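Listed below, chain by chain, are the residues.
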Amino acid sequence: MSHPDVPGRGTAANPPNRYEPLHVELEPDPDSDAPPAPTVFYRDVSRTILAENDSPDIGFRFSLNPYRGCEHGCAYCVEPDTPILHADMAWRPIGEVRVGDVLFGFDEFPEPGRTRKFRPAVVEAVWWSRRPTLRLVTERTEVVATAEHRWLQARNFRWSETRQLAAGRRLRYVPVVAEEFDDDYRIGYLAGMTLGDGTFRYQPGWRSRCLGFPVAYWRVALADQEPLLRLVEFLARFGVEAHVRPFHGGPRARRVMEMVQVDSLARLATIHALLNAARDSRSYRRGFLAGFFDAEGYSGDCLRLSQVDVSVLERVQRYAAGLGFRFVLEPRPGQASTLRLTGRLVDRIRFFSTCRPAIFRKMGALYGCEMNVEPETVLAVEPGPVVDVVDIQTSTGTFFAAGLATHNCYARPTHEYLGFSAGLDFERRIMVKEDAPELLRRTLAAPRWEPQVVALSGNTDCYQPVERRLGITRRCLEVFAEFRNPVSAITKSALVARDADLFAELARHGAAHVLFSVTTLDPHLARRMEPRAARPERRLEAMAALARAGAPVGVLIGPVIPGLNDAEIPRVLEAAARAGAQSASWVLLRLPKPVDELFDRWLEEHYPERRARVLGRIRDTRGGRLSDSTFGRRQRGQGEYAEQIAALFAAAAKKHGLDRRLPPLETAAFRRPRPGGEQLPLL
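Numbering of residues starts from 1 in each chain and follows the order in which that chain's sequence is written. This being a predicted model, a pLDDT of at least 70 is required before a residue's local features are given, and a value of 80 or more before pairs of side-chain atoms are given or counted; all residues contribute to the totals for chains, interfaces and linings. No hydrogens and no water enter the side-chain calculation; it runs on all heavy atoms of the structure.

Q: Sorry, what's going on with the overall build of the protein here?
A: Strands are runs of DSSP state E lasting at least 2 residues, helices are runs of H or I lasting at least 4, and numbering of each runs from the N terminus. Tallying secondary structure elements over the protein gives 18 helices and 30 strands in all. The burial tally for the protein puts 53% of its 683 residues in the buried class. Computed with the Shrake-Rupley method and a 1.4 Å probe, the accessible areas treat only the protein chains shown as cover for residues. For the protein, the exposed surface amounts to about 30,400 Å²; the carbon and sulfur share of it is 50%. Between buried and exposed lies partly exposed: a residue is buried under 20% and exposed over 50% of the maximum accessible area for its type, with that area taken using a 1.4 Å probe on protein chains only.

Q: What's the story with the pattern of salt bridges in this structure? I'm lost.
A: Close approach of charged atoms allows side chains of opposite charge to pair. A side-chain nitrogen of Lys or Arg and a carboxyl oxygen of Asp or Glu constitute a salt bridge if their distance falls within 4 Å. Summed over the entire model, instances satisfying the criterion amount to 35 salt bridges. The closest approach of N and O atoms between Glu-374 and Arg-140, which form a salt bridge, is 2.7 Å. In this pair, Glu-374 is assigned in strand β22 (residues 374-394) and Arg-140 in the loop between β9 (118-138) and β10 (142-145), connecting sequence segments 234 residues apart. Take Arg-140: its relative accessible area is 44%, and that puts it in the partly exposed class. The residue Arg-498 makes a salt bridge to Glu-467 at a minimum N-O spacing of 2.8 Å. Highlighted residues: Arg-498 in the loop between β27 (487-491) and α12 (500-507) and Glu-467 in helix α10 (residues 467-470), separated in sequence by 31 residues. You can call Arg-498 partly exposed: its relative accessible area is 30%. Under the relative-accessibility criterion, Glu-467 is labelled buried at 0%. Among the ionic contacts, a cluster of salt bridges with common partners joins Glu-467, Arg-474, Glu-478, Arg-498, Asp-499 and Asp-501.

Q: Explain the pairing of strand β17 (residues 257-262) to me, please; I cannot follow it from the model alone.
A: Each regular strand shows side chains that alternate between the opposite faces of the sheet. Two strands qualify as a pair provided DSSP detects at least 2 bridges between them. Two elements, strand β15 (residues 217-222) and β17, share 5 bridges in a ladder whose sense is antiparallel. The partner of Trp-218 across the bridge, within β17, is Val-262. Note: strand β16 (residues 244-247) against β17, 4 bridges, orientation antiparallel. In the sheet register, Phe-247 faces β17, and the bridge partner there is Met-257.

Q: Looking at this structure, how should I read helix α18 (residues 640-655)?
A: Three or four residues apart is the spacing at which side chains of an α-helix point the same way, because the helix has 3.6 residues per turn. To estimate the expected span of a helix, subtract one from its residue number and multiply by 1.5 Å. A rise of 1.5 Å per residue sets the reference length of α18, with its 16 residues, at 22 Å; its end C-alpha atoms lie 23 Å apart and thus fit the reference within 8%. Residues of α18 that are buried: Tyr-641, Ala-642, Ile-645, Phe-649, Ala-652 and Ala-653. Looking down the long axis of α18, one finds its buried residues gathered within 105° of arc, a one-sided arrangement. For α18, the exposed residues set more than 90 degrees away from the buried face come down to Glu-640, Glu-643, Lys-654 and Lys-655. Those residues of α18 that are buried are in contact with β29 (553-560), α15 (569-578), β30 (583-588) and α17 (611-621). Gly-657 lies just past α18 and shows a positive phi near 70°. In this description, the arc belongs to the directions extending from the helix axis to the C-beta atoms. Pairs of residues are marked as contacts when any of their non-hydrogen atoms sit within 4.5 Å.

Q: Please explain the nonpolar core as it appears in this structure.
A: Most often, soluble globular proteins have nonpolar side chains that are buried together. In plain words, nonpolar cores are sets of buried Ala, Val, Leu, Ile, Met, Phe, Trp, Tyr and Cys residues tied together by side-chain atoms within 4.5 Å. Phe-480, Phe-503 and Leu-573 are the most contacted members of the largest nonpolar core, which has 68 residues in total. When residues in this core are grouped by element, the largest group, 7 residues, is from helix α11 (residues 472-483). Excluding residues that lie within four positions of it along the chain, Leu-573 makes contacts with Val-555, Ile-557, Ala-584, Phe-649, Ala-652, Ala-653, His-656 and Leu-658. In this structure, Phe-118, Tyr-189, Ala-242 and Ala-295 belong to the second largest nonpolar core, which totals 66 residues.

Q: Would you take a moment to explain the packing of aromatic side chains for this structure?
A: Any pair of aromatic rings gets described here by the distance separating the centres and the angle formed by the planes. Aromatic rings from Phe, Tyr and Trp, with only the six-membered ring used for Trp, were paired whenever their centres fell within 6.5 Å, and each pair was classed as stacked if the ring planes differed by under 30 degrees, edge-to-face if by over 60, and tilted otherwise. The final tally for this structure, using the stated rule, is 26 aromatic pairs. The positively charged end of Arg-230 is found above the aromatic ring belonging to Tyr-189, 5.0 Å away from the centroid. Only when the NZ atom of a Lys or the CZ atom of an Arg is both within 6 Å of the ring centre and within 35 degrees of the ring normal do we say a charge sits over the ring. When the ring centre of Tyr-607 is taken as reference, the NZ or CZ atom of Arg-528 above it lies at 5.1 Å.

Q: Please clarify how the confidence of the model for the protein should be interpreted in this entry.
A: Do not read the predicted coordinates in detail wherever pLDDT is low. Each residue carries a pLDDT score, the predictor's confidence in it, ranging from 0 to 100. Put simply, the protein has an average pLDDT of 85, and 85% of its residues get 70 or more. Overall, residues 1-36 carries pLDDT values under 50, and its contacts beyond four positions in sequence, including any with other chains, amount to 74 contacts. Scored below 50 in pLDDT, residues 409-417 makes 52 contacts in the model with residues more than four places away or belonging to other chains.

Q: Whenever I open this one, the side chain of Glu-530 confuses me. Can you help?
A: With respect to the helices and strands, Glu-530 occurs in the loop between α13 (523-529) and α14 (536-549). Residue Glu-530 is classed as buried on the basis of its relative accessible area, which comes to 4%. Here a polar contact is recorded for every N or O atom pair within 3.5 Å, except that within protein the pair must consist of a potential hydrogen donor and a potential acceptor, and residues adjacent in sequence are included only if both atoms are side-chain atoms. A polar side-chain atom of Glu-530 sits 2.8 Å from a polar atom in the side chain of Thr-519.

Q: How should the sheet that holds β17 be read in this particular structure?
A: In a beta sheet, neighbouring strands pair by backbone hydrogen bonds and run either parallel or antiparallel. As summarised here, the arrangement of the 4 strands in space is β14-β15-β17-β16, forming an open sheet in which the pairing is antiparallel. The sheet is open, and its two borders are formed by β14 (198-201) and β16, each paired with just one other strand. For this sheet the average axis-to-axis angle between neighbouring strands, irrespective of direction, equals 30°. Interaxial angles span 0 to 180 degrees and are taken between N-to-C directions of axes, which are lines fitted to C-alpha atoms, for helices over the stretch in contact. Contacting β14, β15 and β17, helix α3 (residues 265-275) runs over the sheet at an angle of about 115° to β14.

Q: Would you mind showing me how to read the sheet that holds strand β19 (residues 303-307) here?
A: The antiparallel open sheet is built from 4 strands, whose spatial order is β18-β19-β21-β20. In the strand order of this sheet, the two ends are held by β18 (297-299) and β20 (327-330), each with one partner. The average undirected angle you get between the axes of adjacent strands in this sheet is 25°. Of the strand pairs in this sheet, β20 and strand β21 (residues 337-341) are connected by 4 bridges, and their pairing is antiparallel. From the neighbouring strand, Glu-330 faces β21, where its bridge partner is Thr-338.

Q: I tried to follow the packing of α11 against α12 on my own but got confused; where do I start?
A: Helices that pack against each other are described as a pair by the angle of their axes relative to one another and the distance between those axes. As a packed pair, α11 and α12 sit with axes 10 Å apart at the nearest point and diverge in direction by 20°. In this view, α11 runs roughly parallel relative to α12, as classed from their interaxial angle. Both α11 and α12 take part in a crossing whose hand is left-handed. In contact with Arg-474, Leu-477, Glu-478, Phe-480 and Ala-481 of α11, α12 contributes Asp-501, Leu-502, Phe-503, Glu-505 and Leu-506. Ten residue types, Ala, Val, Leu, Ile, Met, Phe, Trp, Tyr, Cys and Pro, are classed as nonpolar, four, Asp, Glu, Lys and Arg, as charged, and the remainder, Gly among them, as polar. Here the residues of the contact of α11 with α12 sort into 6 nonpolar, no polar and 4 charged. Here roughly perpendicular refers to angles of 65 to 115 degrees, roughly parallel to angles under 35, roughly antiparallel to angles over 145, and oblique to all remaining angles. Two helices cross in a left-handed way if the nearer one is turned anticlockwise from the farther one by less than a right angle. They cross in a right-handed way if the turn is clockwise.

Q: Mind showing me how you'd approach the side chain of Thr-520 here?
A: Along the chain, Thr-520 falls in the loop between β28 (512-517) and α13. For Thr-520, a relative accessible area of 2% gives the class buried.

Q: Help me understand unusual backbone geometry in this model?
A: Leave glycine aside and you will find that most residues have negative phi; peptide bonds, for their part, are mostly trans. The peptide bond linking Gly-558 to Pro-559 adopts the cis configuration, its omega dihedral lying at 0°. Locating Pro-559 in the fold gives a position in strand β29. Phi at Ala-402 takes a positive value of approximately 55°, unusual for a residue other than glycine. The topology assignment puts Ala-402 in the loop between β23 (398-401) and β24 (404-407). The exposure class of Ala-402 is buried, given its relative accessible area of 1%. Phi at Arg-484 is positive, roughly 55°, even though this residue is not glycine. Owing to a relative accessible area of 21%, Arg-484 belongs among the partly exposed residues under this scheme.

So, in structure tokens, the structure goes:
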């Protein structure tokens, strides 16, 4: 279905889908009188309704998206058991991943003239769905994934979908080592740490120093806290209670240090027995190497282990050889000798994944290194079952799944997963979930549903222009009111005032918030920046209507664009307070690919005289880049200019009484329909 176009689009550009190998660009006919392309709506036939995004940044777990794509014109999946590589070098099932986890990722696309680098990848969202799959089999791994999931080829470094792969293709790969901690590992870690950087003064039979025996204790003191916390956890496993405490290294100490120390003779006897237990297992060797590396290891241009006692290094060398690692001994008489790991960078990754040391700082030295990993040959791509699959969004758009380099995306870029462009297609090719109210009722009625806040919407505006005709969002709100399940809506449309009665009904049970996105009060800027969204004054009128009805309302200044609308923050907050807003927040603009190119073209078209300044100030707030999705920085940015924006907002919010949160949403009034199909009245 489609309807005639109306004036104004957020972008006239329709850049090629980055993942399609063939691009066709038609040359425009300047003499053509053909009407502009209409908006086209497609039926979304997926059988799930709530997206799980669990983000601490936004404060809700589930979101409901009646529409995908956004006419306002403002920007992959694998089996749950698939192991993915985390930043601590542990391989864990993707089904266990949570928002805020940090994965081991890499550049989605290399900078011009450069190669991809390893990067930390923060999980920003998680989705579950049930989809048909393919089984991708390679020489050393296999994974069940959707046909659309994308993998990085080894030969030409291009992204290819699962369905595009065939036997003989080669993908980028790092070895998967998924081994857990057991008691042998714990004992080995305790031994390696003690031998590397510990002090143990105890002999069986020793008694109190008051009886003339030497002072007995076991102690490990370090500047890094992760190994100390691990020691406390591991000792507790064997009944030895210990705590992390400050360590005073004397007046010449250059770093703040902490320690774990045990003085009890009974507990020291247990530690003595553990350290002298004969262990000849792979787990013990893994733990020993991890503990010794945390105590004496270095990771920079290479991986080294140092110790004055060469016999200890020879023991480390034997244990490493038993795990498949080759260390070269570099003697230094009279000083600390060194063991150096030979091989390539992928061997260091394998060492970390196998041994699992605790100090994140040392493993973090891999970030910024060239992505020089192994090629992996595809053996087969076979039909798979219809199963539950998991998709995640990371800050880099990348991660490693089952050892293979893989990709994900979000928002405007998610439209590329549908075969569309992130540009004009995002605004004029809209996916519509017509059965959203029925699916929502079924979800809320299920016994497994635990009442909690649902956001309208987590991706695009639930009050699209077509909502006036289809009424999907209103019917979803009727379901929320029927169940009294709390809902938080965010919109830049004045159409939300139509549903003031439903928000008011929910608000009587503490179950509704409405946030209005107001980016500017300048009508000319608003017309250019959000051509199909409601005018600023109409949003404020809708805000006042909701406030009069009794619904708690707030204002979101988002995005704040440095050098373009940041100076308007005090005026926007003053107007919102007059309209009845109770709270305010803001979000800084970030420009992931390919939105950065679209925004650059928009500036060149509408504000060429400001283009350089705006882009420069965005980079000032994003560490020299146009986008930074790092958790903790993505919403507010960093640097002096970002701090100035935050200070301006804080002062204006306090002045107008908006420096507080909206009342917390409640679930106490949640109810389900009566048995036997009889439903509760709506109001």
